[in-house]
Amino acid sequence: MKYLSALFLIFLISWTAAAEELYKIADESGYIDYCTCKAAPLDIKDIRAQEIAKHIMHKRFAPEFIRNQFYQLSTLKGIIWQGDEIIQYDYKPLSKDRFRHLFWVNAATSDLLKLEIYDQENKLLFRGLDLGGAHPYNPKSEKRPKERVLKGGYFGFVNIHREKKDGDMERLLFTDGLSRFSVFRSPPAKQRGYAEKLVVYGNYIYNVTTDNSSYTVVGSVPFAFMEDVVSKLDKNDKEFYTLINNEDK
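Here is a short report on the structure shown in this document. (Residues numbered from 1 in each chain as written. Predicted model: local features only at pLDDT ≥ 70, side-chain atom pairs only at ≥ 80, totals over all residues. Heavy atoms only, no water.)

1. A short note on the side chain of Ser 182
The test is simple: Counting from the N terminus, the helices are the DSSP runs of H or I reaching at least four residues and the strands are the DSSP runs of E reaching at least two. We call two residues in contact whenever any of their non-hydrogen atoms come within 4.5 Å of each other.
Considering the arrangement of structural elements, one finds Ser 182 in strand β10 (residues 180-186). Setting aside residues up to four positions removed in sequence, Ser 182 forms contacts with Arg 171, Leu 172, Leu 173, Thr 216, Val 217 and Val 218.

Written out as structure tokens, the structure is:
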């Protein structure tokens, strides 16, 4: 468990809270509720949860890059919250290979105020509420991903980033523009055939060791889909690699 939690820290973005924020995050033992403005000091576990929550909550909401053919999008306008008009974007997956995302966005400023994520059984995994509205969606504030990111892929998921760490561990990041997951691959551990499935801090985690490699998959896709991806990576499936690799020629 400590090893899996440490893996989160490899790719999380750390920053200081700029506004009051409330989070509800699924843990393997239930839910974690807290506010970043609490006067009481946070313990180590809560600090980790806070960093993970911020990483989930503050990812840029860019609807133009979402693979809409894999979701049923419902929008609701005219919601009034604290005197502001809110637009609700509800992305429900059309199949059980990804998770539902619900956003509240300020109609006037494009600030992202609320994000909820539900698994394939519609169980709440994460809820974040930004009371200060300090993290606007500004399409000019970040480098736009290349159009190729939204083409092809394996059931809509494209490998947009690949890196090696410490010479042995490889990380692959997949996205469909909304749901994401990372695959960490390293030389096989001594204990082969061992598999573990957890829900930690709002993320699904699948960990398995084969004869070829040890794999840890972290993200917002179901365990069955994680198992399928690992199986194809482990078999070095050429068709799978052709589908997921959408590199510029």
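The discussion continues.
2. Re the sheet that holds strand β9 (residues 169-175)
Rules: The rule for pairing is simple: two strands pair if DSSP sees at least two bridges between them. Only the stretch in contact is used when fitting a helix axis, every axis being a line fitted to C-alpha atoms; angles between N-to-C directions are given from 0 to 180 degrees.
Spatially, β8-β9-β10-β13-β12-β11 is the arrangement adopted by the 6 strands of the open sheet, whose pairing is antiparallel. This sheet does not close on itself; its edge strands, each paired only once, are β8 (158-165) and β11 (195-200). On average, each strand axis in the sheet is tilted by 15 degrees relative to the strand beside it, whichever way the strands run. Relative to β10, β9 is paired through 6 bridges, and the arrangement is antiparallel. Looking at β10, one finds that Glu 170 is bridged to Arg 185.

3. Notes on the environment of Asp 168
Within the secondary structure, Asp 168 is located in the loop between β8 and β9. In sequence terms Asp 168 and Pro 187 are 19 residues apart; their C-alpha atoms lie 6.8 Å from each other.

4. Considering the side chain of Glu 116
As a reminder, the rule being used: Exposure classes here rest on a 1.4 Å probe applied to the protein chains alone. A residue is buried below 20% of its type maximum, exposed above 50%, and partly exposed in between. Polar contact is defined as a pair of N or O atoms within 3.5 Å, subject to the rule that within protein one atom must be able to donate a hydrogen and the other to accept it, and that residues adjacent in sequence are counted only when both atoms are side-chain atoms.
Assignment of secondary structure puts Glu 116 in strand β6 (residues 112-118). Since its relative accessible area comes to 7%, Glu 116 is described here as buried. Engagement of the side chain of Glu 116 in a polar contact is seen with the side chain of Lys 114, the distance being 3.5 Å. What Glu 116 contacts, discounting residues up to four positions off in sequence, is Arg 100, His 101, Leu 102, Leu 124, Phe 126 and Arg 127.

5. Concerning the environment of Gly 78
The topology assignment puts Gly 78 in strand β3 (residues 71-81). The class for Gly 78 is partly exposed, based on a relative accessible area of 44%. Counting along the chain gives 10 residues from Gly 78 to Gln 88, while the straight-line C-alpha distance between them is 9.0 Å. Discounting residues that sit within four places of it in the chain, Gly 78 has contacts with Glu 85 and Ile 86.

6. Comments concerning the nonpolar core
Formally: For this analysis, a nonpolar core means a set of buried residues of the types Ala, Val, Leu, Ile, Met, Phe, Trp, Tyr and Cys, connected via side-chain atoms within 4.5 Å.
Counting residues in each nonpolar core, the largest one holds 50 residues, and the members touching the most others are Tyr 91, Phe 103, Phe 126, Phe 181 and Val 183. Ranked by residues supplied to this core, first place goes to helix α3 (residues 223-234) with 6 residues. Sequence-distant contacts of Tyr 91, that is, excluding residues within four places in its chain, are made with Phe 61, Pro 63, Ile 66, Asn 68, Tyr 71, Gln 72, Leu 73, Phe 99, Arg 100, His 101, Phe 103 and Leu 178. The next biggest cluster of nonpolar side chains, apart from the first, holds 5 residues, and it includes Ile 79, Ile 86, Trp 104 and Leu 113.

7. A short note on α3
Test applied: A helix is expected to reach a length of 1.5 Å times the quantity of its residues less one. By construction, the arc corresponds to the directions joining the helix axis to the C-beta atoms.
Spanning 12 residues, α3 covers 16 Å between terminal C-alpha atoms, matching the ideal 16 Å at 1.5 Å per step. Within the sequence span of α3, burial applies to Phe 223, Phe 225, Met 226, Val 229, Val 230 and Leu 233. Burial along α3 is one-sided: seen end-on, the buried residues are contained in an arc of 160 degrees. The inward-facing, buried residues of α3 abut β10, β11, β12 (203-209), β13 (214-219) and α4 (238-244).

8. With respect to the pattern of salt bridges
Which entries qualify depends on this criterion: Salt-bridge detection follows one rule: a side-chain nitrogen of Lys or Arg within 4 Å of a carboxyl oxygen of Asp or Glu.
Evaluated as defined, the whole model comprises 11 salt bridges. Between Arg 162 and Glu 170 there is a salt bridge, with its nearest N and O atoms 3.7 Å apart. Among the residues examined, Arg 162 registers a relative accessible area of 39% and is labelled partly exposed. It is possible to trace a salt-bridge network through shared partners that takes in Asp 97, Arg 98 and Asp 176.

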